[in-house]
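# Chain and residue survey
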Amino acid sequence: KFIRSQLDSILCQLSFSDEIIISDDSSSDDTLELIKSYCDPRIKLFEGNVFHNPIFNFENALEKASGDFIFLCDQDDVWIEGKVAIMLRELQCADLVISDAYIIDSDGELLSDSFYALNNSSVGFLYNLMNNSYLGCTMAFKSAFKSLILPFPRSIPMHDIWIGNVISLKGDVRFINDKLIKYRRHGGNVSPTGEKSSYSFWYRISYRFKLVIALARRLL
């Protein structure tokens, strides 16, 4: 329903040497036909995957990415004009850049004018361990960190939490105030980020413990 508006907002910001990696995880609607209708060589579509899991689908996409800089992207958001240029500028002095975002509904109507404000986003490993500020669709990082990030541990709660914490412990992370995407919440999102967590207290304690263990095993 939303992928055409998203692709249109991305393609106009890319050079001819850039790429869009699309990893399709068992879609059963007309998503593939819509993507193929673009006939754009920058779009590299990998279909036939049966993960039924956003973490492993993102892992597959990251494995296929060949550029020097990687921008994470979901299937239903809209990029603001200038996003690529602004984040590439910031990546000259940082390893991971996170931007603020507008939050919109399924019709594109504004729900909140700042994800940072809604989420109380801030810097710091301990802070983000307790209150995750790593929203994948607002993140871009240097591909040199792929060797540390991949493969994803099977115990992590979500790919963006893992990526943000790995790079925060081994590189330079920068949160910028620019609002560079329209982050869409439409009731059918795979990720609950931006909404009140439905997970139990004990689950949230458990995943943080598993995350710390996974980070220690990967980085020490």
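The preceding data block contains the structure.
Presented here is a report on the structure given in the accompanying data block.

The rules behind these values
- Residues numbered from 1 in each chain as written.
- Predicted model: local features only at pLDDT ≥ 70, side-chain atom pairs only at ≥ 80, totals over all residues.
- Heavy atoms only, no water.
- Salt bridge = Lys/Arg side-chain N within 4 Å of Asp/Glu carboxyl O.
- Helix = DSSP H or I, 4+ residues; strand = E, 2+ residues; numbered from the N terminus.
- Buried < 20%, exposed > 50% of the residue type's maximum accessible area, 1.4 Å probe, protein only.
- Patch = residues over 30% accessible without salt bridge, like charges linked within 9 Å, V, L, I, M, F, W, Y side chains within 5 Å.
- Areas by Shrake-Rupley, 256 points an atom, 1.4 Å probe, with all protein chains shown as cover.
- Pairing = 2+ DSSP bridges.

## Some words on the pattern of salt bridges
- For the structure on display, the rule yields seven salt bridges.
- With a closest N to O distance of 2.8 Å, Lys44 and Glu19 form a salt bridge. Here Lys44, found in strand β2 (residues 43-49), pairs with Glu19, found in the loop between α1 (3-11) and β1 (20-25); they are 25 residues apart in sequence, far enough to count as distant.
- With a relative accessible area of 34%, Lys44 lands in the partly exposed category.
- Its salt-bridge partner being Glu90, residue Arg174 comes within 3.0 Å of it at the nearest N-O pair. One end of the pair, Arg174, is in strand β8 (residues 173-184); the other, Glu90, is in helix α4 (residues 83-90), and 84 residues separate them in sequence.
- By relative accessible area, Glu90 is classed as buried at 14%.

## Overview of a nonpolar patch on the surface
- Taken together, the side chains of Phe201, Trp202 and Ile205 define a hydrophobic patch exposed on the protein surface, amounting to about 370 Å² of accessible area.
- Topologically, Ile205 is positioned in helix α9 (residues 201-219).
- Here Ile205 falls in the partly exposed class, since its relative accessible area comes to 39%.

## Structural notes on the pairing of strand β5 (residues 96-104)
- Burial within β5 is extensive, with eight of its nine residues counted as buried.
- In this sheet, β8 lies alongside β5 in parallel orientation, the contact comprising eight bridges. Paired with Tyr102 across the strands is Lys182, a residue of β8.
- In terms of strand pairing, β5 meets strand β6 (residues 110-112) through two bridges, oriented antiparallel.

## A closer look at unusual backbone geometry
- Cis geometry marks the peptide bond from Leu150 to Pro151; its omega dihedral reads -5°.
- Take Pro151: it is sitting in the loop between α7 (146-149) and α8 (159-170).
- Here Cys39, not a glycine, exhibits a phi torsion of approximately 50°, which is positive.
- As for its placement among the helices and strands, Cys39 is situated in the loop between α2 (31-36) and β2.
- You will see that Asn120, though not glycine, has its phi angle at about 55°, which is positive.
- Note on placement: Asn120 falls in the loop between α5 (115-119) and α6 (125-130).

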